[in-house]
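Listed here are the chains, written in short residue letters.
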Amino acid sequence: MNYDIIIAFGLAVGLMLAIFAAIKIAQFRRTFLVPEGYAGLLYQRGKFVEVLRAGEHVRWGRKFTLGVADLRKTSLLVAGQEVLTSDNVGIKTSLLVTYQVTDPVKAAHETQNWQGDLYNAAQIALRAVAGGVTIEALLGQRLDIGAQLLARVQPDAAKVGVNVTAIEVKDV
């Protein structure tokens, strides 16, 4: 009997099995890349698993998906709002809200649209603050008005994982 043929056949079968095993194992290895300034929200079969910070992450298993949340500071313009002051003068005012997502899990899971919630909170705060002052006070104390707005908006924003750092009254 020719042992060289048997050895060659055994090596060929072993090589094919090794290649097949490598392909199957590779199907269970997932690599995720989260860019700097973002947080990755890792889900498996639609259920939240963990937050991934910036960098490359390897997970073993199947049916993983990755959502990303932008953690960089940015601004939201609350366009011209018609509000009445305490002396019943109608003015059109716009705001610039500077914010940063601090808890991406809350921002993704606590509300359907956290940007809309932030916009609405700023609108409501503007109407409440402007309704309590006269037109002269509003025009003369724009910085103080911004601080009052910030104090009203921050608690609502914190509920959805957002930190509001500043609110400026832009146009009156």
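Residues numbered from 1 in each chain as written. Predicted model: local features only at pLDDT ≥ 70, side-chain atom pairs only at ≥ 80, totals over all residues. Heavy atoms only, no water.

Chemist: Account for the sheet that holds strand E6 (residues 74-84), with residues named and values stated.
Modeler: Sheet architecture is open: three strands sit in the order E6-E7-E8, paired in antiparallel fashion. In this open sheet, the two strands that pair with only one neighbour each are E6 and strand E8 (162-171). Shown here is a sheet whose adjacent strand axes are inclined to one another by a mean of 25°, direction ignored. Both E6 and strand E7 (residues 90-101) contribute to a ladder of nine bridges, which runs antiparallel. Directly across from Val-78, in E7, lies its bridge partner Leu-95. (Pairing = 2+ DSSP bridges. Helix = DSSP H or I, 4+ residues; strand = E, 2+ residues; numbered from the N terminus. Axes fitted to C-alpha atoms, helices over the stretch in contact; angles between N-to-C directions.)

Chemist: Describe the sheet that holds strand E3 (residues 47-52), naming the residues involved and giving the relevant values.
Modeler: Strand order in the open sheet made by the three strands is E3-E2-E5, with antiparallel pairing throughout. Two strands close off the open sheet at either side, each with one partner strand: E3 and strand E5 (64-70). Between one strand axis and the next, the sheet turns through 25° on average, direction left out of account. For strand E2 (residues 38-44) and E5, the ladder comprises seven bridges, and the chain directions are antiparallel. Paired with Leu-41 across the bridge in E5 is Gly-67.

Chemist: Explain the confidence of the model for the protein chain to me, using residue names and the numbers behind them.
Modeler: Per-residue confidence for the protein chain gives a mean pLDDT of 85; residues scoring 70 or more make up 98%. Considering each helix and strand of the protein chain separately, the mean pLDDT is smallest for helix H4 (residues 135-140), with a value of 74, and largest for E2, with 93. (pLDDT = per-residue confidence, 0-100.)

Chemist: Which residues make up the environment of Glu-110, and what values do they have?
Modeler: Its place among the elements puts Glu-110 in the loop between helix H2 (104-109) and helix H3 (114-130). A C-alpha to C-alpha distance of 18 Å links Glu-110 and Leu-66, two positions 44 residues apart in sequence. Those residues in contact with Glu-110 that lie beyond four places of it in its chain are Val-105 and Lys-159. (Contact = heavy atoms within 4.5 Å.)

Chemist: Go over a nonpolar patch on the surface, please, and point to the residues and values.
Modeler: A cluster of nonpolar residues, Tyr-3, Ile-6, Ile-7 and Leu-11, forms a patch on the protein surface that exposes about 450 Å² of accessible area. If you trace the backbone, Tyr-3 turns up in helix H1 (residues 3-26). (Patch = residues over 30% accessible without salt bridge, like charges linked within 9 Å, V, L, I, M, F, W, Y side chains within 5 Å. Areas by Shrake-Rupley, 256 points an atom, 1.4 Å probe, with all protein chains shown as cover. Salt bridge = Lys/Arg side-chain N within 4 Å of Asp/Glu carboxyl O.)

Chemist: Now, about the nonpolar core: what can you tell me, with residues and values included?
Modeler: One finds Leu-118, Leu-149 and Val-164 to be the most contacted residues of the largest nonpolar core, which totals 32 residues. Here the element with the most residues in this core is H3; it accounts for eight residues. Contacts of Leu-149, omitting those with residues within four sequence positions, involve Leu-95, Ala-125, Leu-126, Val-129, Ile-167 and Val-169. Counting residues in each nonpolar core, the second largest holds five residues, with Phe-32, Val-34, Leu-42 and Phe-64 among its members. (Core = buried A, V, L, I, M, F, W, Y, C linked by side-chain atoms within 4.5 Å. Buried < 20%, exposed > 50% of the residue type's maximum accessible area, 1.4 Å probe, protein only.)

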